[in-house]
Amino acid sequence: MEVDFAEAVSVLAEGGEGLAWVPERVARAALGRGSLVRAGAVRDEIDFEIRLYRNAANRRSGVEGVWARVARHETELARSATPTAGPAARLAGSRARPEVS
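Residues numbered from 1 in each chain as written. Predicted model: local features only at pLDDT ≥ 70, side-chain atom pairs only at ≥ 80, totals over all residues. Heavy atoms only, no water.

**Q** Help me understand the overall build of the protein chain in this model?
**A** Counting its regular elements, the protein chain contains 3 helices and 2 strands. Just so you have it, the protein chain exposes about 7,900 Å², and 55% of that area is on carbon and sulfur atoms. (Helix = DSSP H or I, 4+ residues; strand = E, 2+ residues; numbered from the N terminus. Areas by Shrake-Rupley, 256 points an atom, 1.4 Å probe, with all protein chains shown as cover.)

**Q** So what exactly am I meant to see when it comes to the packing of aromatic side chains here?
**A** Any two aromatic rings considered together are summarised by their centre-to-centre distance and by the angle between their planes. Taken as a whole and judged by the stated rule, the model has 0 aromatic pairs. If you follow arginine 54 out to its NZ or CZ, it ends over the ring of tryptophan 67, 5.1 Å from the centre. (Phe/Tyr/Trp six-rings, centres within 6.5 Å; stacked < 30°, edge-to-face > 60°. Lys NZ or Arg CZ within 6 Å of the ring centre and 35° of its normal.)

**Q** Honestly, the pattern of salt bridges in this entry has me stumped. Any pointers?
**A** Between side chains of opposite charge, a pair can form as their charged atoms come close. In total, this model carries 6 salt bridges according to the counting rule given. Close ionic contact of arginine 33 with glutamate 14 constitutes a salt bridge, the shortest N to O distance being 2.6 Å. Linking arginine 33 in helix α2 (residues 24-33) with glutamate 14 in helix α1 (residues 5-14), this pair joins segments that are 19 residues apart in sequence. With a closest N to O distance of 2.7 Å, arginine 54 and glutamate 64 form a salt bridge. Linking arginine 54 in the loop between β1 (48-51) and α3 (61-80) with glutamate 64 in helix α3, this pair joins segments that are 10 residues apart in sequence. One salt-bridge network, held together by shared partners, links Glu24, Arg38 and Glu45. (Salt bridge = Lys/Arg side-chain N within 4 Å of Asp/Glu carboxyl O.)

**Q** Got a minute to help me understand the nonpolar core in this structure?
**A** Considering soluble globular proteins, one finds that nonpolar side chains tend to be buried as a cluster. Within the largest apolar cluster, 8 residues are counted, these being Ala6, Val9, Ala13, Val22, Val26, Ala27, Ala30 and Leu36. Residues in contact with alanine 6, not counting those within four places in the same chain, are Val22, Pro23 and Val26. (Core = buried A, V, L, I, M, F, W, Y, C linked by side-chain atoms within 4.5 Å. Buried < 20%, exposed > 50% of the residue type's maximum accessible area, 1.4 Å probe, protein only. Contact = heavy atoms within 4.5 Å.)

**Q** Is there a simple way to explain the side chain of serine 10 in this structure?
**A** Structurally, the position occupied by serine 10 is in helix α1. What makes serine 10 buried here is its relative accessible area of 4%. Ignoring any residue separated from it by four or fewer positions in sequence, one finds serine 10 in contact with Ala20, Val22, Val26, Ala27 and Leu36.

What follows is the structure in structure tokens.
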């Protein structure tokens, strides 16, 4: 069984275990149900970037597989991004970053 850390933290917050700092997409359903509420005002939201780096010479299949998944996820994020979507996480990489079309 695979559990996303952000989803697990969101479930804990939904169960009353404190605050959760998670992407909006993870909390969206609970926000819609009213079982989670924003801890602050919209003006308190922040945008941030997550950058991934790798050794450009490492071409092992496992590394290439992870890099390909990152590229696909980045493409999906770009397609689904809207001005009202809230803070967006941007995946970026080194000069060895795969081309995303």
